[in-house]
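# Summary of the model geometry
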Amino acid sequence: MTTTAITNIGSLVTNDPAQGEGPLGLIQDAAVVIEDDKIAWVGPADKAPAADTAFNANGRAVIPSFVDSHSHLVFAGDRTAEFNARMSGSSYAAGGIRTTVAATRAATDAELEANLLRHLDEARRQGTTTFETKSGYGLTVADEARALRIAAAHTEEVTYLGAHIVSPDYADDPAGYVALVTGEMLEACAPYARWVDVFCEKGAFDGDQARAILTAGASAGLIPRVHANQLSYGPGVQLAVELEAASADHCTHLTDADVDALAQASATTVATLLPGAEFSTRAQWPDARRLIDAGATVALSTDCNPGSSYTSSMPFCIALAVRDMRMTPDEALWSATAGGARALRRTDIGTVTPGARADLALLDAPSHVHLAYRPGVPLVSAVWQKGVRAY
């Protein structure tokens, strides 16, 4: 076994109140010892045990690396024209997904994999070491299955999203497409996925269709998550809570009943907020303050996709959440790390505690608050993934 000590840490975020101060478990003048791929010890630097090798943090901050629990990274093509039109006054609708579907179907496996790897590397350089990613840009049995097969080769968290929109091939037969998604397509895709998702929204799938899709996925051994209440008020959040989905994602348009439901289900269903989507579509911001004050569990994620949120930067999303969604810097960091882990029902990531996976990010700053204080600045200067220096 090999041990590495990260010493002279100015401020260490553990996300474990038992380890340090406040909800973030902050330890000043700290050290971390890694043994193989796990955290072996955390505490004051002057009490750190000996290790085989040492890394001097030189007074900078160390945080758990980010957990991005919602992204769409298996795609081809570019939607610059659509973005340009929105920034020139056009409104956003989900129909632009069809452009990516056409490009993705036309791409080779090698092209899709290369694009996926490029985005994973881009995100890792910004401190993300756990990625959830979805299918949803193929919308045929073969294209959805290959998207998940490619994703599963590079990430542990893979989601079947055949129900992104109704396939253009079934434009006049949405019931037929739901039958495909819950039948032959599900059978082909389930072996590669852990999760099943549905875009429950006007222009995509209504509540009854979404329930049928999620129930079929659960029967095949997949855990539900829901694109809920992004563009309008709707049944998505209530359906997520009813089916004990791991997360209701977007949560932009919420009634008081929706907020109450998420608060009551805080131990099972996480409200995952995706501020990159609102930034890129000039839409209403989710009210994180309302959710947190009600007692809901909140995660932050990038929603990285080529249409409505083309960013892989969790630090950017933290800055948006603090500036425009009324989160504190502490809350935003927790939601981008431990909150994302909760949304993926993981206990081995999102914290810096003994026994957790050694996934860490070193900031070129004395405090995690700089992530929101200095938006757009590349503050992540080193990343450890499973105990190995990955960046």
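For clarity, every value in this text was computed on a predicted model and none was experimentally measured.

So, about the pairing of strand β11 (residues 247-250). Sheet topology places strand β10 (residues 223-228) next to β11; three bridges connect them, and they run parallel. Bridge pairing in β11 links histidine 227 to aspartate 249. Between β10 and its parallel partner β11, the chain crosses via helix α8 (residues 236-242), and the hand of that crossover is right-handed. Where the polypeptide runs from β11 across helix α9 (residues 256-264) and back to strand β12 (residues 270-273), its parallel neighbour, the crossover connection is right-handed.

This part is about the pattern of salt bridges. In total, this model carries 23 salt bridges according to the counting rule given. For arginine 146, the salt bridge is made with aspartate 109, and the minimal N-O distance between the two is 2.8 Å. Pair noted here: arginine 146 is in helix α4 (residues 141-152) and aspartate 109 is in helix α3 (residues 109-124), with a separation of 37 residues, a long-range link. With its nearest N and O atoms 3.0 Å apart, the salt bridge here joins aspartate 109 to arginine 149.

Another point: the sheet that holds strand β9 (residues 195-200). The strand order across the open sheet formed by eight strands is β6-β7-β8-β9-β10-β11-β12-β13, and the pairing between neighbours is parallel. Each edge of the open sheet carries a strand with a single partner, namely β6 (66-68) and β13 (298-300). Direction aside, neighbouring strands of the sheet carry axes that sit 25 degrees apart on average. As judged from the three bridges shared by strand β7 (residues 128-134) and strand β8 (residues 157-163), these two strands associate in the parallel manner.

The interhelical angle for the contact between helix α12 (residues 314-324) and helix α13 (residues 329-336), taken along N-to-C directions, is 140 degrees, at an axis separation of 9 Å. The angle between α12 and α13 falls in the class oblique. As α12 runs across α13, the sense of the crossing is right-handed. Residue-level inspection shows Met314, Ile318, Ala321 and Val322 of α12 in contact with α13, the latter providing Pro329, Ala332, Leu333 and Ala336. Taken together, the residues of the contact of α12 with α13 sort by class into eight nonpolar, no polar and no charged.

The rules behind each value
- Residues numbered from 1 in each chain as written.
- Predicted model: local features only at pLDDT ≥ 70, side-chain atom pairs only at ≥ 80, totals over all residues.
- Heavy atoms only, no water.
- Pairing = 2+ DSSP bridges.
- Helix = DSSP H or I, 4+ residues; strand = E, 2+ residues; numbered from the N terminus.
- Right-handed = clockwise from strand over helix to strand, strands pointing away.
- Salt bridge = Lys/Arg side-chain N within 4 Å of Asp/Glu carboxyl O.
- Axes fitted to C-alpha atoms, helices over the stretch in contact; angles between N-to-C directions.
- Parallel < 35°, antiparallel > 145°, perpendicular 65-115°, else oblique.
- Left-handed = near helix turned anticlockwise from the far one by under 90°.
- Contact = heavy atoms within 4.5 Å.
- Nonpolar A, V, L, I, M, F, W, Y, C, P; charged D, E, K, R; others polar.

By themselves, these figures tell us nothing about what the structure is for.
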